[in-house]
Every structure is written in C-alpha cells, then in structure tokens.
Amino acid sequence: MIKHNSRRGFTLVELTLVMAFMSVLLLAILYLTIHAGKLYTKGVTNKTLNQITRDITDLMKRDVLASDSKTINNPAPSEIGDQQTGRLCTGTVSYLWNTAALLDNTVAAKITYNGNPVTFVRVIDPGASLCLGDPAPTVIPDAMKVTELLSTNGRDFAIYSLTIVTIASDASGRGLYSVHMVLGTHEKDTTQVDADAGVQCKPPTDSSTNFDYCTVGEFTTILRAGGRGNL
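Residues numbered from 1 in each chain as written. Predicted model: local features only at pLDDT ≥ 70, side-chain atom pairs only at ≥ 80, totals over all residues. Heavy atoms only, no water.

Student: Teacher, can you tell me more about the environment of A225 here?
Tutor: Mapping A225 onto the fold places it in strand β13 (residues 216-225). Along the chain, A225 and G175 lie 50 residues apart, while their C-alpha atoms are 4.9 Å from each other. Filtering out sequence-adjacent residues up to four positions away, A225 remains in contact with V64, L65, S67, D68, S69, I72, G173, R174, G175 and Y177. (Helix = DSSP H or I, 4+ residues; strand = E, 2+ residues; numbered from the N terminus. Contact = heavy atoms within 4.5 Å.)

Here's what the structure looks like:
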C-alpha cells in the first residue's frame, strides 16, 4: 500500500506575503511609537511652560501685593523692537530680564550677573537700586541675592516680550497693573514672528525647526499693590 504524506510546507509566495505583512506591521508599530514619543515631548514641554508661568506670576503677585504703588518702578525698555532689557522694581525685590532676541545677539549690551547675561531673574533689592539712574545699571552686583526663574530641567526658556501697564493707582498706595507676557522655549532659529499671530514656532516642515520641543505661550495677569506681606 502506498501512503501519501498530507503535510506540505509553505510556498515561496506564502512566505513572501507573510514577510511583507510582518514588515508593514513592524513599520506601523515603529511609526506609532515615534509619534507617541513626539506627542509626549510636546506635552511635557507645554506642561513645563505652563508651570513656569504660574510660578513666575505667583511670585510677582506676592511681591507686588506686599508693596505699594508709590514704590513700584517699571522703567521703559532699554532698546527698541524685540531686542530689549526690562525691569520691574517693587522697592524690596526687583525683576530683570533680557528678551530672547537680545540674548541671541552676541554683541548687544545685556543685563548681566557674575559676568553672564540673565534670562529672567528675581533679585532681593531693597531701595530698588536696579531701577534707579538714567540709564539704570546693567550689571547686577555680585553681593545681591539673585534667583534665575527660567532654568528648569535643563530646558531653556526665555521672555519674548513683557509689558507692564498701570491700570490704576491712588494716594494710599493701592494700584492695579496689567502684565502681558510672551514666554517660550529658547532655541535659535526655531521660532518666527508672524504679523498677525506674533511669535510662534516654525512649522514641522521647516528644516531648522525643532517642533516637538518648541512651544510659545501668551499670558496676561493682573497684579494688585497695596497689601501686606513678607518675603
């Protein structure tokens, strides 16, 4: 009796189809993994920016509330355009900053501390000495207590613009101030200025962008002076 073997192997066509299917599946998994990583990076960057903004505005609210309108000084920016230094002095503490565009200019004069340009700092400054004089000093004395507010987790952020407008003040020392801030990641050539939208990240199609890391936010808050508090 002749026995026939019913078992047979895969044909070359079947093996090719299986390999093609597995390749497509692996590529899809790889794409989804990379895309998820990019979304995670973007989310962490946005979260960090929002947290930094909350921390800065909370500090400013507390310091301004503990002062009064008669001691608050906000000199005009030292430069024109987007390359500016800025400062806000409350009579007890002072805030000083260089904008992102000014930090990118390697030859322009900047506010410095310990020989290095500051980004956005809070300085214990009784008497508001850093807002006095014409022009106001651009070098923060080494003896002053300085806290840099924009260095977080090794990621660089900077002020793109910050304006402070007095809404109201009275003889008793009470006052209201509107603060408008554009804050974002500071990596050269990754942002652009649009005539209508203002500062924004370059699109992902731009060869110089780092879109997954880049983020820019626009924030407005109100500061009230005339309360009581301690540093």
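From this point, things continue past the structure.
Student: It is not clear to me how the sheet that holds strand β4 (residues 116-117) should be interpreted in this structure. Could you clarify?
Tutor: Backbone-to-backbone hydrogen bonds pair the strands of a sheet. The strands run either parallel or antiparallel. Read across the open sheet, the 3 strands follow the order β4-β3-β6; overall the sheet is mixed. Both outer strands of the open sheet, β4 and β6 (139-140), are each paired with one neighbouring strand and no more. Bridge count between strand β3 (residues 112-113) and β4: 2 bridges; the pairing is antiparallel. If you follow Y113 over to β4, its bridge partner there is N116. (Pairing = 2+ DSSP bridges.)

Student: Any chance you could explain the sheet that holds strand β7 (residues 146-148) here in plain terms?
Tutor: The 4 strands are arranged β1-β2-β5-β7 in an open sheet whose pairing can be described as antiparallel. Only two strands of the sheet have a single neighbouring strand rather than two, namely β1 (85-89) and β7. Each adjacent strand pair in this sheet contributes to an overall mean axis angle of 20°, direction not counted. Contacts from helix α1 (residues 12-65) reach β1, β2 (93-98) and β5 (120-124) within the one sheet, and its direction differs from that of β5 by about 30°. (Axes fitted to C-alpha atoms, helices over the stretch in contact; angles between N-to-C directions.)

Student: It is not clear to me how unusual backbone geometry should be interpreted in this structure. Could you clarify?
Tutor: Only a minority of non-glycine residues have a phi that is not negative, and only a minority of peptide bonds are not trans. A cis amide bond links D134 with the next residue in sequence, P135, at an omega value of 5°. Within the secondary structure layout, P135 lies in the loop between β5 and β6. Here N114, not a glycine, exhibits a phi torsion of approximately 55°, which is positive. Tracing the sequence through the fold places N114 in the loop between β3 and β4.

Any functional reading would require information beyond the geometric quantities listed.
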